[in-house]
Amino acid sequence: MRPAILRPESATGLRRFAFAFALCALASASFAAEDSWPARPIRFIVPSSPAGGTDVYARYLAQALAEPLRQQIVVENRPGGRGNIGALAVAKAAPDGYTFLVSGNPSLVINPVLYKDQPYDAERDFAPVARGVVNPLVLCVLPEVPARSVAELVVLGKRAPETLPYGSAGATTATYFAVRLLEEASGARFIHVPFKGSGQAYQALLGAQVKFMMPDIGSAMPHIRSGKLIPLAVTYPTKALPGVPTMGALGYPESDVNAVFSVVAPAAVPHAIVLHMNAAINAAMKTPWLAHKLDEATFIPVFETPEQFAATLRKDREKWAAIVKRLGIKGG
């Protein structure tokens with residue numbers, strides 16, 4: 001009997017079969033890994049200092065997710081570099097579903113439109129997971145500042161331009177842009193003093209190194225209740241401060257800027273894990289414990305799918321690119 005002769009077309013078919021088999025094996029391994037996720041503790045990296053709104057939301061979320069995911073979630077603060085240090089750590093992390101970025105607008109929206117030297121591409125390097133929460137801001141002053149309304153604060157900024165200092169969580173945060181938009185609309189001028197996150201900014205404010213700030217309401221409320229800060233206006237109506245007017249109602253609609261705290265993952269994380277985490281976060285924000293905590297902190301939950309969140313991010317980048325251009329703000 002003659003030995004079988006392997007024809008070229010037969011060899012090609014075998015190679016194709018082997019390649020297809022390998023792909024199936026890889027897919028099976030991937031599905032198995034996704035089915036067992038999470039099998040170990042998860043990290044939430046926050047690119048700002050402790051005590052700010054992003055940090056508060058991340059820690060509440062970590063507590064609420066521990067039981068349904070049956071894993072500990074560790075919150076790790078990595079402030080600095082305009083939020084780039086923490087964001088870059090997540091962009092370069094293994095896309096295995098065990099590292100997520102819990103971030104405000106700067107890392108995901110503002111930095112990409114303001115700076116040319118970004119060490120990561122916010123659209124390409126991250127997979128949107130959950131929109132998270134929106135947190136209105138509150139314009140508040142120290143009791144020593146002779147202003148009990150936005151109009152009086154504007155008068156101070158016009159009468160003695162660039163003498164009254166205000167703090168922010170950084171030059172790319174909503175806490176800065178809200179005041180900058182107020183300056184543009186009113187003609188007042190103040191001195192901007194940026195810090196590496198809200199925690200440091202609060203220390204400077206309560207130590208009277210700066211005289212006013214426009215932080216998120218949630219982190220400001222303890223200081224407002226204690227009388228250490230006087231609220232002048234908010235960017236969104238809230239029952240936490242029912243008698244305080246909105247910036248829009250006072251004639252400054254563009255200053256109705258809100259902080260947003262969201263969750264993203266390294267871009268190559270399996271979509272099944274993204275969907276799992278999105279569902280877990282949205283479900284957690286509806287549980288009585290976390291819903292109560294969010295309400296106390298004046299965090300407004302937003303229930304978007306990953307695809308809806310991705311569309312929101314694109315829209316926000318377009319909006320802020322136009323604002324940055326109009327204000328003539330230069331990044332780098």
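For clarity, every value in this text was computed on a predicted model and none was experimentally measured. (Residues numbered from 1 in each chain as written. Predicted model: local features only at pLDDT ≥ 70, side-chain atom pairs only at ≥ 80, totals over all residues. Heavy atoms only, no water.)

Undergrad: Is there a simple way to think about the overall build of the protein in this case?
TA: The helix and strand tally for the protein stands at 11 helices and 11 strands. With 332 residues in all, the protein has 52% of them scored as buried. By sequence separation, contacts in the protein at least 24 residues apart represent 77% of the contacts at least 6 residues apart. (Helix = DSSP H or I, 4+ residues; strand = E, 2+ residues; numbered from the N terminus. Buried < 20%, exposed > 50% of the residue type's maximum accessible area, 1.4 Å probe, protein only. Contact = heavy atoms within 4.5 Å.)

Undergrad: Got a minute to help me understand helix H2 (residues 53–69) in this structure?
TA: Spacing of three or four residues puts side chains on the same side of an α-helix, whose turn is 3.6 residues. Between its first and last C-alpha atoms H2 spans 24 Å; for 17 residues at 1.5 Å apiece the expected length is 24 Å, and the two agree. Buried residues of H2: Gly-53, Thr-54, Asp-55, Tyr-57, Ala-58, Tyr-60, Leu-61, Ala-62, Ala-64, Leu-65 and Leu-69, and no others. Within two residues after H2, Arg-70 carries a phi angle of roughly 60°, on the positive side. (Expected span 1.5 Å × (residues − 1).)

Undergrad: I tried to follow the confidence of the model for the protein on my own but got confused; where do I start?
TA: Fine structural detail should not be taken from predicted coordinates in areas where pLDDT scores are low. Residues with a pLDDT of 70 or more make up 89% of the protein, whose mean pLDDT is 89. Across residues 1–32, confidence stays below pLDDT 50; counting only partners more than four residues off in sequence or on other chains, it has 2 contacts. (pLDDT = per-residue confidence, 0-100.)

Undergrad: Explain the nonpolar core here, please?
TA: Generally speaking, soluble globular proteins have nonpolar side chains that are buried together. Judged by nonpolar contacts, the single largest core of 103 residues is most densely connected at Phe-44, Tyr-57, Leu-65, Phe-100, Met-277 and Ile-281. Ranked by the residues each element gives to this core, the list is headed by H2, at 8 residues. In this view, Tyr-57 contacts Val-102, Gly-132, Val-133, Phe-261, Ile-281, Met-285, Leu-294 and Phe-299; residues no more than four positions away in its chain are not counted. (Core = buried A, V, L, I, M, F, W, Y, C linked by side-chain atoms within 4.5 Å.)

Undergrad: Even after reading the chapter, I still don't get the sheet that holds strand S11 (residues 300–302), so can you show me in this structure?
TA: Strand pairing in a sheet is mediated by backbone hydrogen bonds. Such pairs are either parallel or antiparallel. The 6 strands lie next to each other as S2-S1-S3-S10-S4-S11, forming an open sheet whose pairing is mixed. Bordering the open sheet on either side are strand S2 (73–77) and S11, each of which pairs with just one other strand. For this sheet, the mean angle separating the axes of adjacent strands, direction not counted, is 25°. With 5 bridges connecting them, strand S1 (residues 42–46) and S2 associate as parallel partners. Looking across to S2, one finds that Phe-44 is bridged to Val-75. Its contacts with the sheet put helix H11 (residues 306–327) on strand S4 (126–136) and strand S10 (258–266), and the angle it makes with S4 is roughly 70°. (Pairing = 2+ DSSP bridges. Axes fitted to C-alpha atoms, helices over the stretch in contact; angles between N-to-C directions.)

Undergrad: Before we go on, may I ask you to explain the side chain of Asn-111 in this structure?
TA: Note on placement: Asn-111 falls in helix H4 (residues 105–114). A relative accessible area of 0% means that Asn-111 is categorised as buried. A distance of 2.7 Å separates the side chain of Asn-111 from the backbone oxygen of Arg-82, its partner in a polar contact. Polar contacts involving the side chain of Asn-111 include one to the side chain of Asn-84, which spans 3.2 Å. (Polar contact = N/O pair within 3.5 Å; in protein donor to acceptor, adjacent residues only side chain to side chain.)

Undergrad: Explain the packing of H2 against helix H10 (residues 288–296) to me, please; I cannot follow it from the model alone.
TA: The interhelical angle for the contact between H2 and H10, taken along N-to-C directions, is 170°, at an axis separation of 10 Å. Taken together, the axis directions place H2 and H10 in an arrangement best described as roughly antiparallel. Contact residues: Tyr-57, Tyr-60, Leu-61, Gln-63 and Ala-64 in H2; Trp-289, Leu-290, Lys-293 and Leu-294 in H10. (Parallel < 35°, antiparallel > 145°, perpendicular 65-115°, else oblique.)

Undergrad: Where do I start with the side chain of His-223 in this structure?
TA: Within the secondary structure, His-223 sits in helix H8 (residues 217–225). Overall, His-223 belongs to the buried group, its relative accessible area being 19%. Setting aside anything within four residues of it in sequence, one finds His-223 in contact with Tyr-202, Leu-206, Lys-228 and Leu-229.

Undergrad: Help me out: how do you make sense of the pairing of S1 in this one?
TA: Within S1, 4 of the 5 residues are buried, which leaves the element mostly enclosed by the surrounding structure. The β-α-β motif built from S1, the intervening H2 and the parallel element S2 has right-handed crossover chirality. Strand direction decides the pairing type here: S1 and strand S3 (residues 99–103), joined by 3 bridges, are parallel. Among the inter-strand pairings, Arg-43 is bridged to a residue of S3, identified as Thr-99. (Right-handed = clockwise from strand over helix to strand, strands pointing away.)

Undergrad: In this structure, what is going on with the environment of Gly-157? I would like to understand it.
TA: Mapping Gly-157 onto the fold places it in helix H5 (residues 150–159). By relative accessible area, which is 1% here, Gly-157 ends up buried. Separated by 29 residues in the primary sequence, Gly-157 and Ser-186 have C-alpha atoms spaced 9.1 Å apart. Leave out the neighbours within four places in its chain, and Gly-157 touches Ala-188, Arg-189 and Phe-190.

Undergrad: Is there a simple way to explain the packing of aromatic side chains in this structure?
TA: Two aromatic rings are characterised by how far apart their centres lie and by the angle between their planes. A full pass over the atoms with the stated rule returns 9 aromatic pairs. Three or more aromatic residues joined by ring pairs make a cluster, and in this case those are Tyr-57, Phe-261 and Phe-299. Arg-82 extends its terminal NZ or CZ atom over the ring of Tyr-115, reaching a point 3.5 Å from the ring centre. The positively charged end of Lys-286 is found above the aromatic ring belonging to Phe-303, 4.9 Å away from the centroid. (Phe/Tyr/Trp six-rings, centres within 6.5 Å; stacked < 30°, edge-to-face > 60°. Lys NZ or Arg CZ within 6 Å of the ring centre and 35° of its normal.)

Undergrad: Help me out: how do you make sense of the sheet that holds strand S6 (residues 165–168) in this one?
TA: As summarised here, the arrangement of the 5 strands in space is S7-S6-S8-S5-S9, forming an open sheet in which the pairing is mixed. The sheet is open, and its two borders are formed by strand S7 (191–194) and strand S9 (230–234), each paired with just one other strand. Both strand S5 (residues 138–141) and S9 contribute to a ladder of 4 bridges, which runs antiparallel. Looking at S9, one finds that Val-141 is bridged to Ile-230.

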